[in-house]
Amino acid sequence: MIRSTNRVYALTRPSLMDSLLPIVVDSPHSGTAYPPNSGIVAPLHALKTTWDAFIEELWDAAPQLGVPLLAAQFPRAYIDPNRAPDDIDDSLLDEPWPTPLSPSAACRRGMGLIRLNALPGVPMYAGRLGAREIRHRLEQYYLPYHGVLKARLDAAHARFGRVWHIDCHSMKSVGNAMNVDDGAARPDIVVSDRNGAAAAPEFTEWVAARFVSKGYRVQVNTPYQGGYIIANYGAPEQGRHSVQVEINRRVYMDEQAFEKTEGFDVLRRDIGAFLEELATYVTERLD
């Protein structure tokens, strides 16, 4: 096993000779190391709520099966790899952006490429940011992460003609005012595929069914349909299947203390079992 780590990503992967499966797992919101002089003024507790806490640990059985596991080292509250590079709210800018912007619905709620708020009513910055600062974050953090993810997906697809991709996340147990499901209690797991655009429905349903079989309450494409990563890399008609898996933090951690509970080890074992089942599922579908 090889572990490559830098300020942008940690990539735990088998050697090329041991890469026997066209599966890639990534965790784009695992980072906690904020670069210096970021201008962020939000308090630490609020920033921690934006972190996909312990997700790369929950999925760490992947490399043992010959599956690369990629985890961002920079925080999504600094720049979010699960947003499009033009998903910017121009009210954040102190000067015009040089190209057209396309803010998403999430961006308008304060959660675009560069977050406006850590929590409802808790601003990330005291003022606006310059275009140069945002370009720096794109060039030094966002694009390198996507470069590694794309390279792993493309390598698997080139070798096997197909690739299955799990994009891993966590979610608060209850939606807040920045979410589409404000005030709603969430299920244990949400599996998303952009309503069939990012993965074959049969695969999405299989993923959901495996977690149901382990006793979890699962919903598909609600309240989440999936973000930019699976939209960008999923192309089922080309044999590229990307699903987003959101896990309710209540299942495995204390959301206020940001500490693991006894549910962590149970969930980690269940995810390990899921990955073994996924390896069998993929093997059976290879020519």
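Notes on the structure in this doc start here. A quick note: this is a predicted structure, and the numbers were derived from the prediction, not measured.

## Things to note about the pairing of strand β8 (residues 189-192)
Residues Ile189 and Val191 point to one face of β8 and Val190 and Ser192 to the other, with burial holding for every one of them. Two elements, β8 and strand β9 (residues 218-220), share three bridges in a ladder whose sense is parallel. Counted as the bridge partner of Val190 is Gln219 from β9. Bridge analysis of β8 against strand β10 (residues 240-248) gives four bridges, and the strand direction is antiparallel. For Ile189, the partnering residue across the bridge sits in β10 and is Ile247.

## Structural notes on the pattern of salt bridges
A side chain with one charge may pair with a side chain of the opposite charge, provided their charged atoms come close. For the structure shown, the criterion picks out 14 salt bridges. Of the charged contacts in the structure, one is a salt bridge between Glu284 and Arg285, with a shortest N-O distance of 3.7 Å. The exposure class assigned to Arg285 is partly exposed, which follows from its relative accessible area of 30%. Residues participating in the shared-partner salt-bridge network are Lys150, Asp154 and Arg240.

## Re the nonpolar core
Counting 41 residues, the largest nonpolar core has Val25, Trp59, Phe203, Tyr252 and Leu278 as the members making the most contacts within it. Looking at this core, the elements that each hand over two or more residues are β3 (23-27), α2 (55-58), β7 (163-171), β8, α5 (201-213), β10 and α7 (263-284). If you tally residues by element for this core, the top one is α7, at nine residues. Counting residues in hydrophobic clusters, the runner-up holds 38 residues, among them Ile40, Tyr78, Tyr125 and Ala156.

## A few points about the side chain of Arg249
By the secondary structure assignment, Arg249 is in the loop between β10 and β11 (253-254). Relative accessible area serves as the criterion here: at 5%, Arg249 is assigned to the buried category. Here Trp51 takes part through its backbone oxygen, which lies 3.1 Å from a polar atom of the side chain of Arg249. Sequence-distant contacts of Arg249, that is, excluding residues within four places in its chain, are made with Thr49, Thr50, Trp51, Asp52, Ser170, Met171, Lys172 and Glu255.

## What about α7?
Because each turn of an α-helix spans 3.6 residues, side chains separated by three or four positions in sequence point in the same direction. With 22 residues, α7 should reach 32 Å at 1.5 Å per residue; the first-to-last C-alpha distance of 32 Å fits that figure. Turning to α7, its buried residues are Gly263, Phe264, Leu267, Asp270, Ile271, Gly272, Phe274, Leu275, Leu278, Ala279, Tyr281 and Val282. On the buried face of α7, the contacting elements are β3, α2, β7, α5, β10 and β12 (259-260).

## Observations concerning the packing of aromatic side chains
One pass over the full model with this rule turns up 13 aromatic pairs. A ring pair is formed by Phe203 and Tyr281, whose centres lie 5.5 Å apart and whose planes are at 35 degrees; its orientation type is tilted. Remark: Tyr281 occurs in helix α7 and Phe203 occurs in helix α5; sequence separation between them is 78 residues. Tyr281 carries the same exposure label as Phe203, and that label is buried. Between the aromatic rings of Phe211 and Phe274, the centroid separation amounts to 4.7 Å while the plane-to-plane angle is 25 degrees, which identifies the pairing as stacked. Note that Phe211 is positioned in helix α5 and Phe274 in helix α7, a separation of 63 residues in sequence. Here the aromatic cluster, defined as three or more aromatic residues joined through ring pairs, consists of Trp59, Phe203, Trp206, Phe211, Tyr216, Phe274 and Tyr281. The ring of Phe54 has Lys260 sitting right over it, with the charged end atom 5.1 Å from the ring centre.

## Notes on the layout of surface pockets
Of the voids in this model, the largest pocket is the one considered here, and its volume is about 700 Å³. Arg83, Ala106, Arg109, Met111 and Tyr224 are the residues nearest the centre of the largest pocket, which is lined by 37 residues in total. Per-element tally for the lining of the largest pocket: the top contributor is β7, with three residues. Here the lining of the largest pocket is composed, by residue class, of 11 nonpolar, 14 polar and 12 charged.

Thresholds applied
- Along each chain, the written sequence defines residue order, and numbers are assigned to residues from 1.
- The model is predicted, so local features are restricted to residues of pLDDT at least 70 and side-chain atom pairs to those at 80 or more, both for listing and for counting; the totals for chains, interfaces and linings are taken over all residues.
- Computation of side-chain values covers all heavy atoms of the structure but excludes hydrogens and water.
- Residue burial is assigned from relative accessible area. The probe radius is 1.4 Å, only protein chains are included, and a residue is buried under 20% of its type maximum, exposed over 50%, and partly exposed in between.
- Only DSSP runs of H or I covering at least 4 residues are called helices, and only runs of E covering at least 2 are called strands; the numbering of each starts at the N terminus.
- One bridge is not enough; two strands pair if DSSP finds at least two bridges between them.
- Put simply, a salt bridge is a Lys or Arg side-chain nitrogen that is within 4 Å of an Asp or Glu carboxyl oxygen.
- Joining through side-chain atoms within 4.5 Å is the link that ties buried Ala, Val, Leu, Ile, Met, Phe, Trp, Tyr and Cys residues into a set, and such a set is a nonpolar core.
- Between N or O atoms, a polar contact is any pair within 3.5 Å; within protein, one atom must be a potential hydrogen donor and the other a potential acceptor, and residues adjacent in sequence are included only when both atoms are from side chains.
- Any two residues having at least one pair of non-hydrogen atoms within 4.5 Å are treated as being in contact.
- A helix is expected to reach a length of 1.5 Å times the quantity of its residues less one.
- Each Phe, Tyr or Trp ring, with Trp reduced to its six-membered ring, pairs with another whose centre is within 6.5 Å; inter-plane angles below 30 degrees give stacked pairs, above 60 give edge-to-face pairs, and intermediate values give tilted ones.
- Only when the NZ of Lys or the CZ of Arg is both within 6 Å of the ring centre and within 35 degrees of the ring normal is a charge said to sit over the ring.
- Of the grid points, spaced at 1 Å and generated over the protein atoms alone, those admitting a 1.4 Å probe that cannot get out make up cavities, while open sets with protein on both sides within 12 Å along at least five of seven lines make up pockets; any residue with an atom within 4 Å of a point is treated as lining.
- Grid points are joined across faces, edges and corners, and a volume is the space filled by probe spheres set on the points.
- The classification used treats Ala, Val, Leu, Ile, Met, Phe, Trp, Tyr, Cys and Pro as nonpolar, Asp, Glu, Lys and Arg as charged, and all other residues, Gly among them, as polar.

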